Amino acid sequence: MRNIDEDTITQIVLARHTEAENPRLKQIMTSIVQHLHAFARDVQLSEEEWFHGIQFLTDVGHITDDKRQEFILLSDTLGLSMLVTALNNRKPRGCTESTVFGPFFVEDAPHYENGDDVGNGAKGEPCFVTGRVTGLDGEAIANARIDVWQADSDGFYDVQYAEAGSAHGRGTLHSLADGSFHFRSITAESYPIPHDGPVGRMLAALGRHPWRPAHLHFMIDAPGYERLITHVFRSGDKYLDSDAVFGVRSSLIANWERHESGKAPDGSHQESPFSTLDFTFVLNRLDGERHRNQ
Ligand code: BEZ
Ligand code: FE
């Protein structure tokens, strides 16, 4: 095929996909080509602009390594991660909503018993977390695996520190026979996503800030139930309505109660301020309905 022009090129590219063996790949690539071509036509993309675009994606690739995942940040800040999360986690009303995974989960975090200090020396004010894992009918889910991770009060996850060391502010525990769990950690604070790279430059150029409202990450697994990946957000945070990655759901906002000093839920006496948080997670059964939260 020769003399391809701006009017014929899209259909000609798509015609080259006819031999694709994987029908889903063919469907996805067909749609991507159609949308990319439509975008270039829509904005009448100049050659200089496209060169800048290629340079930007090159920079995103160059800064990415096993610790810094700039492509996830790009997907998150464009709202694509949250859209994919929403499309794939339609649940009945009453189930805990899902939100973005983010780039800071670590496999094989240390295992803790209920009551342990998951903060493990992370910088921040103490926080005592209690909660329950249940099904939609209120049934207790015992022995659910609960992964929790959070940033310290300087806004950094342990894996963002240059020196590789033990885990701080992350760990795994299991719910007790009545579905309850409790642990100590540090009080979540709002923090900016990494913004010293191309995604940060993109946000600045768009007049956007990089901040996320204070939150605790949870991933909960239990046999017979769908995996839940979510956060609990801290009520009153000034970034709840402008989260840089669009992850906030009203149902996930909870009150972190602040105490000046006194007896903590674990029975210890705290001389300085601390907070308490209580949250119930409701999982969808694997054979449960798959409809949109209302
Ligand atoms: C996080 O909450 O850990 C996070 C999510 C998206 C981008 C960066 C960080
Ligand atoms: Fe986070």
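Presented here is an overview of the structure given in this document.

### Describing the coordination of the iron ion (ligand 2)
Thinking step 1. Those donors, Tyr-157 (OH), Tyr-191 (OH), His-215 (NE2) and His-217 (NE2), are the protein atoms that reach the iron ion (ligand 2), and they lie 1.9 to 2.1 Å from it.
Thinking step 2. Here the iron ion (ligand 2) is ringed by six donor atoms whose angles at the metal span 54 to 167°, and the overall shape comes out irregular.
Thinking step 3. Sequence spacing of the donors to the iron ion (ligand 2): Y-x33-Y-x23-H-x1-H. With Tyr-157 in the loop between strand 2 (145-149) and strand 3 (170-174) and His-217 in strand 7 (residues 215-221), this pair connects stretches of sequence that are 60 residues apart.

### With respect to the environment of Val-100
Thinking step 1. Along the chain, Val-100 turns up in the loop between helix 5 (80-88) and strand 1 (126-135).
Thinking step 2. Spatially, the C-alpha atom of Val-100 lies 9.1 Å from that of Ala-86, the residues being 14 residues apart in sequence.

### A closer look at the site of ligand 1
Thinking step 1. For ligand 1, the full set of nearby residues is Leu-73, Asp-76, Gly-102, Pro-103, Phe-104, Tyr-157, Tyr-191, Ile-193, Arg-212, His-215, His-217 and Val-245.
Thinking step 2. Between ligand 1 and His-217, the relevant distance is 3.0 Å, taken from an oxygen atom to a side-chain nitrogen or oxygen of the residue.
Thinking step 3. Here ligand 1 has 260 Å² of accessible area as a free molecule, and 100% of this is covered by the chains.
Thinking step 4. The cavity that encloses ligand 1 is the largest cavity.
Thinking step 5. Taken together, the elements giving at least two residues each to the shell around ligand 1 come down to helix 4 (70-77) and strand 7.
Thinking step 6. Of the residues belonging to the shell around ligand 1, the class tally is seven nonpolar, three polar and two charged.

### Topic: the side chain of Thr-77
Thinking step 1. Its location among the elements puts Thr-77 in helix 4.
Thinking step 2. Judged by its relative accessible area of 0%, Thr-77 is buried.
Thinking step 3. Polar contacts involving the side chain of Thr-77 include one to the main-chain carbonyl oxygen of Leu-74, which spans 3.2 Å.
Thinking step 4. With near-sequence residues (within four places) excluded, Thr-77 lies in contact with Ile-193, Val-199, Met-202, Leu-203, Arg-208, Ala-244, Val-245 and Phe-246.

Cut-off values and rules
- Residues numbered from 1 in each chain as written.
- Chains lettered and ligands numbered in written order.
- Predicted model: local features only at pLDDT ≥ 70, side-chain atom pairs only at ≥ 80, totals over all residues.
- Heavy atoms only, no water.
- Donors = N, O, S within 2.8 Å, 3.2 Å for Na, K, Ca; no water.
- Tetrahedral: all angles 85-135°; square planar, octahedral: opposite > 155°, others 65-115°.
- Helix = DSSP H or I, 4+ residues; strand = E, 2+ residues; numbered from the N terminus.
- Near = heavy atom within 4 Å.
- Polar contact = N/O pair within 3.5 Å; in protein donor to acceptor, adjacent residues only side chain to side chain.
- Areas by Shrake-Rupley, 256 points an atom, 1.4 Å probe, with all protein chains shown as cover.
- 1 Å grid on protein atoms, 1.4 Å probe; cavity = no way out; pocket = protein on both sides within 12 Å on 5 of 7 lines; lining within 4 Å.
- Sits in = over half its atoms within 2 Å of the grid points.
- Nonpolar A, V, L, I, M, F, W, Y, C, P; charged D, E, K, R; others polar.
- Buried < 20%, exposed > 50% of the residue type's maximum accessible area, 1.4 Å probe, protein only.
- Contact = heavy atoms within 4.5 Å.

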